Amino acid sequence: MKTAAIICNVVMLAFTALVMLTDGPATEPAYVIFGLLLFAVPLLSVAVLLLRRATGPGLRVAAVAANAVLLGFICWALVDQYPHPSEEGYIPYVVLVTVTPILSIVALSRGGLRRVLPSGPLKS
């Protein structure tokens, strides 16, 4: 799972860079933020997955949260850009961009996220 998440994040990063080079950077503020997330979240996810022992649990929780935010932005962008362009490679890119944060959340959550997040009432 970890290896698949790393590969998907790297491929997504490469495809996103290619799309931004060919189509140009976004100009609307919401899409500028979305573009930054498309670069920053995969980098963070790969770093946390590769350096799992060196990173603390707080960084892992932050990476999971960042992937959840990215997934929300992806859903928003899919709805906002309807009807979708009929460009070649659009569907595979959308599938990759949608599956990668989900896979990253699962890979980052395996083996210990339950120990980081409180499961019962907080003690004061």
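Conventions adopted
- Per chain, the residues get numbers from 1 upward, laid out in the order the sequence is written.
- For this predicted model, a pLDDT threshold of at least 70 governs which residues receive local features, and a threshold of 80 or more governs which side-chain atom pairs are given and counted, while totals over whole chains, interfaces and linings are taken from all residues.
- Note: side-chain values were computed over all heavy atoms of the structure, leaving out hydrogens and water.
- The predictor rates its confidence in each residue with pLDDT, a number between 0 and 100.
- Starting at the N terminus, helices and strands are each numbered in turn, a helix being any DSSP run of H or I of at least four residues and a strand any DSSP run of E of at least two.
- Residue contacts are counted whenever heavy atoms from the two residues lie within 4.5 Å of one another.
- The pairing test for Phe, Tyr and Trp rings, Trp by its six-membered ring, is centres within 6.5 Å, and the orientation test on the planes gives stacked under 30 degrees, edge-to-face over 60, and tilted for anything in between.
- Only protein chains enter the accessibility calculation, which uses a 1.4 Å probe. A residue is then buried if its area is under 20% of the maximum for its type, exposed if over 50%, and partly exposed in between.

Once that is clear, we can look at the confidence of the model for the protein chain. Here the protein chain shows a mean pLDDT of 85. Residues at 70 or above account for 87%. The secondary-structure element of the protein chain with the lowest mean pLDDT is helix α5 (residues 113-116), recorded at 48, while helix α2 (residues 29-50) shows the highest, at 93. Scored below 50 in pLDDT, residues 112-116 shows six contacts in the model against residues more than four places distant or in partner chains.

Turning to the packing of aromatic side chains, a few remarks are in order. Counted according to the given criterion, the structure contains four aromatic pairs. A ring pair is formed by Y31 and F34, whose centres lie 6.4 Å apart and whose planes are at 70 degrees; its orientation type is edge-to-face. Of this pair, Y31 and F34 are both found in helix α2, three residues apart, which corresponds to roughly one turn of the helix. Judged on exposure class, the residue Y31 and its partner F34 are both buried. Three or more aromatic residues joined by ring pairs make a cluster, and in this case those are Y31, F34, F73 and W76.

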